[in-house]
Amino acid sequence: MGTTTLPRDEAIIAALISDFDVGFTSLVRVHQGSIYSGALRLTRSHVEAEDVAQETFTRAYRSLTGWNEDRLAKLRIRPWLWTIAINLVRSKSRKPTETPTPSEWIHPSSADAEPIDTDVWTARLERLSDAQRTAVVLRHVLDLPIAEIAEIVERPEGT
């Protein structure tokens, strides 16, 4: 388990160091879709997912403005952003303000042999605890590596 970054994250970090505003714009463009998508599945509310995504990047911006080049160079963007997002999701109300339709939760892949029964999967996700749902969404919806998930949820990899 190294502390490697994705190639595009390395480019974002270089941009943050050379021109912070340009770099941060790139960071948002690259990561906003996955932050919103994961937040939607965790909060089950478009409104709350938008709030979580916006607040994640607002907090990231505020934090990064105080970082020096050495600290920026060591940044692992995706786990860091997801740590912020997960903490925001945890602090949100347990009751969703609106419930997405099952098709908004899970989009069947064209590569699937059979269509996914979204009602069944929605019901399965609903039965999970918040911690379990978080782990499932991060791993199987967003396809994050286990090492990053462990870092984000602050738990050992085997748990």
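Above this text you will find the structure in question.
Position numbers for residues start from 1 in each chain and track the written sequence from start to end. Residue-level local features of this predicted model are given only where pLDDT is at least 70; pairs of side-chain atoms are given and counted only at 80 or more, and the full residue set underlies all totals for whole chains, interfaces and linings. Only hydrogens and water are set aside when side-chain values are computed; all heavy atoms of the structure are taken into account.

Asks: An account of the packing of aromatic side chains is needed here, citing residue identities and associated values.
Replies: Stacked, edge-to-face and tilted labels apply to pairs of Phe, Tyr and Trp rings (six-membered ring for Trp) whose centres lie within 6.5 Å, assigned for plane angles under 30 degrees, over 60, and everything in between, in that order. Counted under the stated rule, the structure contains four aromatic pairs. Ring plane angle 80° and centroid distance 5.0 Å describe the contact between Phe24 and Tyr61, whose orientation is recorded as edge-to-face. A residue pair is termed long-range when its members are at least 10 positions apart, and Phe24 in helix α2 (residues 20-43) and Tyr61 in helix α3 (residues 46-64) qualify at 37 residues. Its relative accessible area of 9% is what places Phe24 among the buried residues. When a residue's accessible area, from a 1.4 Å probe over protein chains only, is under 20% of the maximum for its type it is buried; when over 50% it is exposed; and in between it is partly exposed. Note on Tyr61: relative accessible area 33%, which makes it partly exposed. Pairwise contacts between aromatic rings join Phe20, Phe24 and Tyr61 into one cluster. Here, a charge over a ring means that NZ of Lys or CZ of Arg falls within 6 Å of the ring centre while also lying within 35 degrees of the ring normal. The positively charged end of Arg71 is found above the aromatic ring belonging to Trp67, 3.9 Å away from the centroid. Secondary structure elements are taken from DSSP: a helix is a run of H or I of four residues or more, a strand is a run of E of two residues or more, and numbering for both begins at the N terminus.

Asks: So, the nonpolar core: which residues are in play, and what are the values?
Replies: As used in this record, nonpolar core signifies buried Ala, Val, Leu, Ile, Met, Phe, Trp, Tyr and Cys residues forming a set joined through side-chain atoms within 4.5 Å. Judged by nonpolar contacts, the single largest core of 36 residues is most densely connected at Phe24, Leu27, Leu64, Trp82 and Leu138. Of all the secondary structure elements, the ones that give two or more residues to this core are α1 (7-18), α2, α3, α5 (77-91), α8 (130-141) and α9 (146-153). Sort the elements by how many residues they give to this core and α5 lands first, with nine residues. Contact criterion: two residues are considered in contact whenever any of their non-hydrogen atoms come within 4.5 Å of each other. Among all residues touching Leu64, those that are not within four sequence positions of it are Leu16, Phe20, Phe24, Leu27, Leu72, Leu75 and Trp80.

These figures capture arrangement, not role.
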